[in-house]
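Structure assessment
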Protein chains: 2
Amino acid sequence: MSTTPQTTPRRATITDVAREAGTGKTSISRYLNGEMSVLSAELRARIEAAIARLDYQPNQMARGLKRGRNRLIGMLVADLTNPYTVEVLQGVEAACHALGLMPLICHAANEVEMERRYLQLLTTYRVEGVIVNALGVREETLRPVGGGGIPAVLVDRSVDGLVTDMVGLDNHAAAELGTRHLLDNGFDDIWFVVQPFEQVSSRRLREAAFREAMSAQDRRGEQHAARGHTVVLDLSDMVEMERTLAELDRAIDAAHNVRGGTGAAGHGGRVALFAANAPVALRLALHLKTRYGDDWQTRVALLSIDDPDWAELTGITTIRQPTYEIGYRAVEFLHERIEGVQTAARDCLLPGELIVRASTLR
Amino acid sequence: MSTTPQTTPRRATITDVAREAGTGKTSISRYLNGEMSVLSAELRARIEAAIARLDYQPNQMARGLKRGRNRLIGMLVADLTNPYTVEVLQGVEAACHALGLMPLICHAANEVEMERRYLQLLTTYRVEGVIVNALGVREETLRPVGGGGIPAVLVDRSVDGLVTDMVGLDNHAAAELGTRHLLDNGFDDIWFVVQPFEQVSSRRLREAAFREAMSAQDRRGEQHAARGHTVVLDLSDMVEMERTLAELDRAIDAAHNVRGGTGAAGHGGRVALFAANAPVALRLALHLKTRYGDDWQTRVALLSIDDPDWAELTGITTIRQPTYEIGYRAVEFLHERIEGVQTAARDCLLPGELIVRASTLR
DNA sequence: CTGTTAGCGCGTTCAA
DNA sequence: TTGAACGCGCTAACAG
């Protein structure tokens, strides 16, 4: 059965259907748009038959060109590798489905240049709006978007100088939640590990909230104050990353021994790493496993924002983001803008949920 | 700085630019298409200025409508949750970039109905071709595609009765590779765990190759023959899944005790589970962890086709698919078809790579 | 070198 | 109820 795939036999157009049905294009158009009340049953039947016979499917491009709207929206994501992104996408798709929109997914693969190109492309294809979860966009890149250009909604991160709707995690509350959890469980040293801030506002916000929660603890006058540190880990630069991890190792060693411990598990200060997101957490877990072996969790506790599916398997505590809802809300916002809503730019901050697992319990 | 996002001020068209530059549309069109040699330097400068002043961006929809090609291809995927899919996507994107194509990603989220809708939509948007990695499509669904319709390339799975190019893993070799590895490492009982076959050819092929490799072992007359079993695990039906897992548990218990062992680790028959893909492997790992605790790997070995990032963390042996290349090749095939290549339908089977980790070593 | 003309496939008056 | 004619934004064929 190795038939040769044959060449495409030019699709039928509305004109073909009109001729086949022995009528004009207008009637076909009306039929397609459901204006049945304006068509005699007889003509409708003929049109139906003609369409079926020709296997006709209206050209959406042409329709869009005509009516000036194509029901297309762009979804620009920075990293599909991050489970967070895929989960948000589910919400986006569900909402689009409900609202009659069609999402075009564009994956920048963490490359700023790609991002720029896709944004350009979405613009020239005249999508009605875009949802952007981007890495390095600055205000200029998004110029054609938001304010003066097509409607835009930002997800997870805001862009300096760009006034648009934004929806994402309540980063402040989430980081505070995680930090409090670690403090309540008696950790002595906590490292907040985050990727280079760059233009990503959520990273900065999470780190700031972490530091704030750590100093709030000081002022509360707990019996012994825990120490907080921030480490910036660049996942895209192997060499730099290894260097940072080695440095972290030394610091952890020092913390383990500071309270006169022998260095064995549970004898020195208790150490926790607070990963700002799942990719960081994964990298840390892999590193810790390499360094301490399979029972690395007895030496260092790991807590992460994001709840990738391996978290359950590894038993690390996480703060799960309401990803589905984030995506859903983003589309709702965008839809309102497309429909012409003119209110001031809105922020929608959704709460994270602490999922306690074995890793952070005493 | 809570400025109100203002309404879209109608984008400039080619006519606007022509007027602004004091010339005709044709010249603008020529400029846009890089036919510089046919334009006086003076006119070109005026056009350039006009374009900049109006921030003009050509409408791709209109262009596509005119020239009959829009450089768009559809990428229909069944499940973005599966890391395999995302990895393939990377290859697809790279190839598209290189060939000047624009991939529209459509995510069916494992729903056959979604799949149908997206396929329909891609068709009506007149994409030049589609890459399909689908769940339940049958020949009818893909009718508009492949043979008589727009060019199509299948990824990972073929569809009965549909004659098109296909690219994916060499399932037979991969399953055999995994099975041989388990046999060589002295496992006594091996369960091949796979999702319901449905229309997914790769599942069937892998299972068949597993069984074949198991019986080939018999004929080789090894000192003691291992027993092979197949389990179908439906991840989408929680109740059914739990039932199947409980059954599997009992069978494993029996195997553990069969050689007079006490049931303690390492005393009975050695047991391995061979997961047909990553989602199955994850589900199995979670279950085993629940049942046996953190040291579940001392009781049961896990091997999986697909190499998700938690595999390294958990230390399970895997067979990594050449995902990037699969995606890249798929686009190359499709591109050839779009350009009119007429050869018979081709199959491209790429080899998997065995990555041995602690889980399956004696 | 440049502009005019005629569509691409479709929706929308407007008159019949 | 029906259909002819015009135009959406753009490209291509043909003059000048």
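Residues numbered from 1 in each chain as written. Chains lettered and ligands numbered in written order. Predicted model: local features only at pLDDT ≥ 70, side-chain atom pairs only at ≥ 80, totals over all residues. Heavy atoms only, no water.

All right, on to the overall build of chain A then. Per the secondary structure count, chain A includes twelve helices and twelve strands. Long-range pairs, those at least 24 residues apart, make up 67% of the contacts in chain A between residues at least 6 apart in sequence. For chain A, the accessible surface area stands at approximately 15,400 Å², while carbon and sulfur atoms represent 50% of it. (Helix = DSSP H or I, 4+ residues; strand = E, 2+ residues; numbered from the N terminus. Contact = heavy atoms within 4.5 Å. Areas by Shrake-Rupley, 256 points an atom, 1.4 Å probe, with all protein chains shown as cover.)

Around DNA strand D, the surrounding shell holds 25 residues, and the nearest of these are T23 and R30 of chain A together with I14, K25 and Y56 of chain B. Of all DNA strand D atoms lying within 4 Å of any protein atom, the proportion belonging to sugar or phosphate reaches 54%. At a separation of 2.4 Å, a base nitrogen of DNA strand D approaches a polar side-chain atom of K25 of chain B. The side chain of R63 of chain B places a nitrogen or oxygen atom 2.6 Å from a phosphate oxygen of DNA strand D. Secondary-structure elements contributing two or more residues to the surface near DNA strand D are α2 (25-32) and α4 (60-67) of chain A together with α2 (25-32) and α4 (60-67) of chain B. A total of four residues in the surface near DNA strand D trace back to one element, the largest contributor, which is α2 of chain B. Residues of the surface near DNA strand D, tallied by class, amount to eight nonpolar, eleven polar and six charged. (Near = heavy atom within 4 Å. Polar contact = N/O pair within 3.5 Å; in protein donor to acceptor, adjacent residues only side chain to side chain. Nonpolar A, V, L, I, M, F, W, Y, C, P; charged D, E, K, R; others polar.)

The environment of DNA strand C is made up of 25 residues, and the closest members are I14 of chain A together with T23, T26, R30 and K66 of chain B. The sugar and phosphate moieties of DNA strand C supply 57% of its atoms located within 4 Å of the protein. At a separation of 3.3 Å, a base oxygen of DNA strand C approaches a polar side-chain atom of T26 of chain A. Contact between DNA strand C and R30 of chain B: a base oxygen at 2.5 Å from a side-chain N or O atom of the residue.

Segmenting chain A into domains produces domain 1 (14-58), domain 2 (72-169 + 324-350) and domain 3 (171-321 + 352-360). The centre of domain 1 of chain A, based on its C-alpha atoms, is set 38 Å off from the matching centre of domain 2 of chain A. (Domains from an automatic or database assignment.)

It takes a turn of 180 degrees to lay chain A on chain B, together with a shift of 0.0 Å along the axis; the resulting RMSD is 0.1 Å. Expressed as a symmetry operation, the mapping of one chain copy onto the other fits a two-fold axis. A shared interface surface links the copies, since 100% of the contact residues of chain A are contact residues in chain B too. (Least-squares fit on C-alpha atoms with pLDDT ≥ 70 in both.)

This brings us to the environment of A134 of chain B. All names here are of chain B. As for its position among the elements, A134 is in the loop between β3 (129-133) and β4 (152-155). Overall, the relative accessible area of 6% leaves A134 in the buried class. As a C-alpha pair, A134 and N185 span 51 residues in sequence and 35 Å in three-dimensional space. When sequence neighbours within four positions are dropped, the list of residues in contact with A134 reads A78, E115 and R157. (Buried < 20%, exposed > 50% of the residue type's maximum accessible area, 1.4 Å probe, protein only.)

Our next topic: the environment of Y118 of chain A. Residues and elements named next belong to chain A. One can find Y118 in helix α6 (residues 112-124). Look at Y118 and you get buried, because its relative accessible area is 7%. Sequence separation of Y118 and L76 is 42 residues, and the distance between their C-alpha atoms is 7.5 Å.

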